[in-house]
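Notes for the structure review
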Amino acid sequence: MGNKKILIVDDDPDVTLGLHLRLRANHYDTYFAADAPSSVAEARKYSPDLIVLDLGLPSGDGYLVMESLKKAPSLAHIPIIVVSARDLAANEERALSAGAKAFLQKPVDNAVLLAIIRRELSGPHPGPK
Amino acid sequence: MKEKSIQVVLVEDNAADTRLFREMFSKEPPGSFILIHFSRLHDAEIHFAKGGVDIVLLDMGLPDAHGIDTVRRARAAAPNVPMIVLTGLDDEELAAEAMKEGAQDYLIKGQIENRALPRALRHAVERHRMQTEADLVQIHQLQYKDEFLSHVSHELRSPLFAIYQFVTIILDKLAGEVNPEQCRYLEIILKNVKQLQSMIDDLLEVTRAQAGKMTIELQSASASDAIDYVVNTLHGAATAKQIALTSSIESRLPSVWADPKRIRQILIILVDNAIKFTPPDGMVHVRARLSEDPKFVTLEVSDSGSGISPEMTEKIFDRLFQLSDPSASARKGLGLGLHICKELVTRQGGQIWVTSAPGQGAVFSVTLPVFSLAHIIAPAFCGYDCEQEPVSLVVIEIGSRAGWLSDEVREEQSHRIRDSVQKCLFSDKDVLLPKMNFTGALELIFILAMTGKSGADAISKRILKRLDGGEHIQYADLTVAISSISLEGVGRNATEPADHHLERVAARIREIMYEEVLSRMAKSG
């Protein structure tokens with residue numbers, strides 16, 4: 001079985017590179033998007049197993065991305081983990097009700113991020129294969 | 001430039017005095033003053049409610065109000081309007097009192113110069129306008145400062161995350177070998193990144209507290225769980241300084257009515273501080289016990305550090321206070337920790353204080369209210385119309401499919417289920433009631449919900465859905481059944497004293513819970 005695929009959506013190239021190196025070291029294949037529209041396009045193209053999503057994005061935001069993903073039958077099942085610098089109190093509940101599996105506030109501890117990714121990827125997914 | 005006319009309300013019952021005042025304004029340019037006269041305070045109060053008044057001239061002896069009471073009533077009816085009181089010759093003491101009550105100035109009848117009064121009024125109105133503007137500017141500045149702080153703190157998080165990511169990438173050798181010396185230096189960067197992060201967290205916390213946005217979710221919580229968590233979390237930091245971090249918890253300590261996350265936060269700040277201010281080979285001890293007043297639990301963090309001088313024991317909880325202690329060489333952050341602690345403790349109905357003597361260590365004490373059913377019921381039933389909004393108990397029964405489970409497994413699984421259930425509740429409307437101490441294979445979880453039958457059904461569905469979703473829960477060998485009991489009538493007829501009423505309601509709910517547990521135990525054999 002090949003590596004699991006993770007789409008990283010963040011407009012900060014440094015954060016993206018950091019996430020890529022950390023995830024690659026943990027045997028995940030990574031794909032990237034830096035704005036709202038391209039993140040949906042990349043998700044269609046690569047059908048990732050999981051999406052790490054920032055909230056503040058050019059041309060739309062993370063919430064818009066989640067809305068678009070949830071509307072697309074082939075993408076709605078992909079677990080989303082929000083990793084954002086935005087306020088926890090104001091965004092956690094909103095992100096979870098928009099369909100995210102977790103809201104992690106930057107800076108995120110590596111161990112916490114990896115544990116949540118592992119948790120989301122280990123469960124059976126009700127969506128298409 | 002045409003000046004806006006000044007509306008003066010004269011409240012005066014003496015006709016001769018009133019005539020005199022009118023004459024004083026007669027020489028002013030037309031339209032510069034509008035004088036409105038009332039003989040009774042009551043009529044003036046009605047007029048104040050309409051607004052548009054620039055200044056009030058108030059006689060302190062009226063047919064329907066006397067002395068200082070006149071000022072109080074007028075201030076209450078026109079709180080933002082400058083007021084000048086009119087007194088007799090020998091009433092200066094009363095005038096001084098009126099100023100304390102908020103009058104801007106006083107004039108002694110018979111000593112008012114004709115041309116002086118309009119000028120004095122103009123000045124008073126102008127002075128008041130400037131003061132109001134200054135107040136507004138200050139409020140805006142404070143708001144701006146809070147927004148600014150919040151914005152900056154959030155903006156700092158992304159670059160900090162990038163620094164953290166790459167330091168750990170190098171440190172974990174994801175980018176090649178690193179020698180031990182380099183590792184040591186990277187650890188120093190990492191330590192400082194974490195310090196910076198906690199400063200940002202503190203800043204945001206204080207900004208939130210200032211704006212009244214600090215969230216506290218009161219519930220039945222275990223102080224000893226919080227202590228265990230904190231001792232585990234800070235064990236490493238203590239050991240690194242060769243400090244013995246220990247704890248003791250009084251047996252049969254009751255649950256507290258507090259936010260478990262916030263108790264942990266308070267203890268982390270106190271224990272972290274204690275470790276910082278205690279020299280190597282010292283000790284830090286965390287203790288939980290019932291207070292002298294059995295309505296509270298006391299948490300104590302004591303250390304063998306340098307102590308705090310008596311005159312500092314109050315100030316230490318102020319915002320931005322830092323001990324200028326030469327023996328404490330470690331950097332101490334923003335000095336917000338204890339201030340946050342105090343905010344958190346007082347907002348949960350407790351108190352915080354420190355007892356200490358220099359050189360003899362310090363003991364920080366925090367009290368939190370003991371959990372009691374009345375606590376939850378108070379907001380639910382006080383001034384609350386049960387005819388309008390019914391109350392239900394939702395009962396979740398957790399049985400075992402595989403027969404008898406080991407205590408450990410059952411405890412762990414029920415803990416997970418309780419955790420999931422908690423997430424399905426509205427923190428302002430539903431309350432997870434404390435466990436009833438029954439042993440056996442059966443476990444019941446009770447939720448007090450301010451809702452009727454259909455609402456209780458909705459809660460049940462929500463919980464089942466979450467459990468079915470299998471989120472963090474393995475309950476292959478468990479059976480879960482949910483039902484609801486309507487508590488119709490329990491909270492009604494609140495004519496008796498509130499205390500008695502609450503006690504009765506709490507007792508009735510306990511009774512229902514008890515009966516429910518017994519009947520289910522009988523059924524399950």
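Residues numbered from 1 in each chain as written. Chains lettered and ligands numbered in written order. Predicted model: local features only at pLDDT ≥ 70, side-chain atom pairs only at ≥ 80, totals over all residues.

1. Section: the overall build of chain A
From N to C terminus, chain A includes five helices and five strands. N-terminal to C-terminal, the α/β element order of chain A is β-α-β-α-β-α-β-α-β-α. Counting all 129 residues of chain A, 36% fall into the buried class. Here the contacts in chain A between residues at least 6 apart in sequence split such that 59% fall between residues at least 24 apart. (Helix = DSSP H or I, 4+ residues; strand = E, 2+ residues; numbered from the N terminus. Buried ≥ 20, exposed ≤ 12 C-beta atoms within 10 Å, placed from the backbone. Contact = placed C-beta atoms within 7 Å.)

2. Remarks on the environment of arginine 119 of chain B
Topologically, arginine 119 of chain B is positioned in helix α5 (residues 116-171). Residues arginine 119 of chain B and glutamate 28 of chain B, 91 residues apart in the sequence, show an inter-C-alpha distance of 9.9 Å.

3. Digging into the interface of chain A and chain B
Each partner contributes to the interface: chain A provides 16 residues, whereas chain B provides 15 residues. Looking at side-chain class alone, the side of chain A that touches chain B contains seven nonpolar, three polar and six charged residues. (Nonpolar A, V, L, I, M, F, W, Y, C, P; charged D, E, K, R; others polar.)

4. Some remarks on the pairing of strand β4 (residues 80-84) of chain A
Residue and element names in this part refer to chain A. Counting buried residues along β4, five of its five residues qualify, which places the element largely inside the surrounding structure. Of the two faces of β4, the one holding Ile80, Val82 and Ser84 and the one holding Ile81 and Val83 are both buried throughout. Summarising the sheet, strand β3 (residues 50-53) and β4 pair through three bridges and their orientation is parallel. When the sheet's bridge partners are listed, leucine 53 is paired in β4 with valine 82. Running through helix α3 (residues 62-71), the crossover from β3 to the neighbouring parallel element β4 is right-handed. The pairing of β4 with strand β5 (residues 102-105) spans four bridges and is classified as parallel. Note on β5: the bridge partner recorded for isoleucine 81 is alanine 102. Considered for its hand, the β-α-β crossover made up of β4, helix α4 (residues 88-97) and β5 is right-handed. (Pairing = 2+ DSSP bridges. Right-handed = clockwise from strand over helix to strand, strands pointing away.)

5. What about unusual backbone geometry?
With an omega of -5°, the peptide bond between lysine 106 of chain A and proline 107 of chain A qualifies as cis. For proline 107 of chain A, the location among the structural elements is in the loop between β5 and α5 (110-122). Even without a glycine there, the phi angle at lysine 173 of chain B is positive, about 60°. Here lysine 173 of chain B lies in the loop between α5 and α6 (180-210). Its identity as a non-glycine residue notwithstanding, arginine 252 of chain B has a phi of 55°, on the positive side. Tracing the chain through its elements places arginine 252 of chain B in the loop between β9 (244-249) and β10 (256-258).

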